[in-house]
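Examining the three-dimensional arrangement
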Amino acid sequence: MNNFGLDIWSNKNFVIEGDEVLVNFGSKPSLLKITQEIRQKDVRGPIILRFPHLIKKQITTLYECFNHAIAENSYKGSFKAVFPLKVNQFPHVVAAVTDKGTPFNYGLEAGSKAELILAMSKIVDGANITVNGFKDKEMITLAFIAAQSGHNITITIEGLGELKTIIAVATASNLKVPNIGIRVRLHSTGSGTWAKSAGMDAKFGLTATEILEALRLLKSANLLEKLSMIHFHIGSQMDDIAPIKRAIREAGNIYAELKMLGADALSNINIGGGLAVSYEQHSDAKLHNYSLEEFSSSVVFLLGEIMDAKGVTHPDIFTESGRFIVASHAVLVTPVLELFTQDYHEQLLNLKESNPPLITELKELYNQLNSKNCIEYLHDALDHIESLLTLFDLGYIDLQDRSNAEILVHNIIKKSLSLTSNINTSELKQLQVNLQERYLINASIFQSLPDYWGLKQHFPVMPLHHLSKKAIRGASIWDITCDSDGEIGFNPNKPLYLHDINLEEEEYFLGFFNVGAYQEALGMGHNLFTHPNEYTIVISDDAYEITNEEESKSTFNILESIGYNSNELLNKLKSDLNKSYFSTPKEKSDTLSKLDTFINQNGYLRTTS
Ligand SMILES: *Cc1c(COP(=O)(O)O)cnc(C)c1O
């Protein structure tokens, strides 16, 4: 039974029971039931379902693992963490992160002015704010304002220029000075797709020489008691633990050296983010090579060892993992609008009273196909279609015969693929590529899965129902943008099989999982498709509740947001219509009111035809 790799990517967050996929929590609601309940309210486009219990699970796991490692290793420092806002700044995500994080004093990380403003307004009292990224005088002043407002804020300098600006602001004002962190430039580099954040040629961080200069500048400005943190971040989605261990050794030694040079207030080492998430759905795929248990225990052990060797007090350990915290919490549900090869459906077979002998034979092959003979019969069928196409070219069979031949062979291949136990021969793989079904989804890959478009990052995908039936159609997925890149192609080495559905009789929904990190923040308005409708699903032991509905932007609003005056556009459309001839006044007023309706709906499709 194909479980769509659920055991690889879902971390037990979802389970298949009977025909459907369920949220594996509390009352275990079915994703299909939730989707149908939402669609009853006339919602037709893609939807994002948020599950705050999964954010809670990740935050809790992170703290428990580190606290366990701290106890095991008799480590003297404590564990602290912040959520990097750039991973997902949407209001209901930030609300869930701060709410579920409150018991742990979980903080926020900001990388821009807008994120800093957000952090200052949404941080739970007493929790930490860290600030990374390039900063100008205004942003640095904003950090002073945060400190003045009572926030526990650490501003990490990416270069000496920023430190000089901090000193200038501190000298010129009486505002409270924020804590200062130094991002260190490591010679050890990260690994994985996103590893451009470390190494001697990295975009960020101070070299050894610059760190010593920073220490001198801080001393002479009387601000050394503000230097509280050493920071590094070696990249996202780290697939290998070795580079992080090298980075810990390097940064740990820098920390200890600085302490020995008199940086007495230094008390935190911030190891950045980068914890990986499982996106794969095939068992032979390469996964990251560590667990959170191994990761936390390595970090704690190494830091303890380095500090003990140099006689330095154990620092508190900070992390900034974001992907790990929110990736799992969001599921993108997309209706399938069309299957493109339905024209080969068996129902369309239109055999004559008397058929050419090869077609009669194809029909018999099809009827008698079983798991023992299927490969042999498949070869016969492929042979016959060649002959039949030649007969057509020579004028011996007509178009109806040809159509019947194509439908029969198509169905023989389909049935053989479902009957055979070993699909891994190169011949069968190729047949699947040729026979793949194109599933048109009501969504935009650019808007909702931008990392697939930009980095070919795979996201687990599966149907929400029909799961007790074997899915046998090799599938490629097409979105509704008119861009040829809006496609997830069929890959015979990592095949996706979906069900053969007659969409005139029933609906078919696909879920894309682990889409909660970066996808919404990076989503692009290509073709002016916007962020889908979203819902927060709160699950208890005996029920679930659909809350926080946020509707996708209307056509009116999306046009406004890129600078058009929508009223002006609408008036133009109406005046053009007003000039035209209508047979009845009612037809005219109906047509005008349709315009009003359309411009106030979002741009996703509502019907198939
Ligand atoms: C992006 C970023 C993070 C978060 O990385 P994840 O891979 O999402 O854990 C943490 N710290 C800094 C400085 C970053 O730039």
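Owing to the predicted nature of the structure, the values given are computational and were not obtained by experimental measurement. (Residues numbered from 1 in each chain as written. Predicted model: local features only at pLDDT ≥ 70, side-chain atom pairs only at ≥ 80, totals over all residues. Heavy atoms only, no water.)

Some details on the overall build of the protein
Each helix and strand in the protein was counted, giving 21 helices and 20 strands. For the protein, the C-alpha atoms occupy an extent of roughly 100 × 70 × 50 Å along the three principal directions. Split into buried and exposed, the 609 residues of the protein put 53% on the buried side. Partitioning the contacts of the protein with sequence separation of at least 6, the portion at a separation of at least 24 is 75%. Put simply, the protein shows about 27,100 Å² of open surface, and 50% of that area lies on carbon and sulfur atoms. (Helix = DSSP H or I, 4+ residues; strand = E, 2+ residues; numbered from the N terminus. Buried < 20%, exposed > 50% of the residue type's maximum accessible area, 1.4 Å probe, protein only. Contact = heavy atoms within 4.5 Å. Areas by Shrake-Rupley, 256 points an atom, 1.4 Å probe, with all protein chains shown as cover.)

With respect to a nonpolar patch on the surface
Together, L528, I562, Y564 and L569 give the surface a local cluster of nonpolar side chains, amounting to about 350 Å² of exposed area. Relative to the elements of secondary structure, L569 occurs in helix 20 (residues 566-578). (Patch = residues over 30% accessible without salt bridge, like charges linked within 9 Å, V, L, I, M, F, W, Y side chains within 5 Å. Salt bridge = Lys/Arg side-chain N within 4 Å of Asp/Glu carboxyl O.)

Considerations on the environment of N370
With respect to the secondary-structure elements, N370 resides in the loop between helix 12 (357-368) and helix 13 (374-393). Given the relative accessible area of 34%, N370 is considered partly exposed. Considering only alpha carbons, one finds N370 and S416, 46 residues apart in sequence, at a separation of 7.8 Å.

Details of the packing of aromatic side chains
Scanning the model with the defined rule gives 16 aromatic pairs in all. Ring plane angle 35 degrees and centroid distance 4.6 Å describe the contact between W9 and F513, whose orientation is recorded as tilted. Linking W9 in helix 1 (residues 6-9) with F513 in the loop between strand 18 (509-512) and helix 18 (519-522), this pair joins segments that are 504 residues apart in sequence. Of the residues examined, F513 reaches a relative accessible area of 0% and is grouped as buried. Both rings, one in Y63 and one in F104, keep their centres 4.7 Å apart while their planes meet at 20 degrees; by these two values the pair is stacked. Of the two residues, Y63 is situated in helix 3 (residues 52-72) and F104 in the loop between helix 4 (91-101) and strand 5 (107-110); the sequence distance between them amounts to 41 residues. Counting every residue linked through ring pairs, the aromatic cluster contains Y63, F66, F79, F104, Y106, Y290 and F295. Here K415 stacks its cationic end above the ring of Y366, 4.8 Å away from the centre of that ring. Seen from the ring of Y452, K456 lies directly overhead, with NZ or CZ sitting 4.7 Å from the centre. (Phe/Tyr/Trp six-rings, centres within 6.5 Å; stacked < 30°, edge-to-face > 60°. Lys NZ or Arg CZ within 6 Å of the ring centre and 35° of its normal.)

Thoughts on the site of the ligand
Neighbouring the ligand are 15 residues, the closest being K86, S236, G274, E320 and Y518. One of the backbone nitrogen or oxygen atoms of G274 is found 2.8 Å away from an oxygen atom of the ligand. G322 is positioned with one of its backbone polar atoms (N or O) 2.8 Å from an oxygen atom of the ligand. Here the ligand loses 92% of its free accessible area of 390 Å² to cover by the protein chains. Grouping the amino acids of the shell around the ligand by side-chain chemistry returns 3 nonpolar, 8 polar and 4 charged. (Near = heavy atom within 4 Å. Polar contact = N/O pair within 3.5 Å; in protein donor to acceptor, adjacent residues only side chain to side chain. Nonpolar A, V, L, I, M, F, W, Y, C, P; charged D, E, K, R; others polar.)

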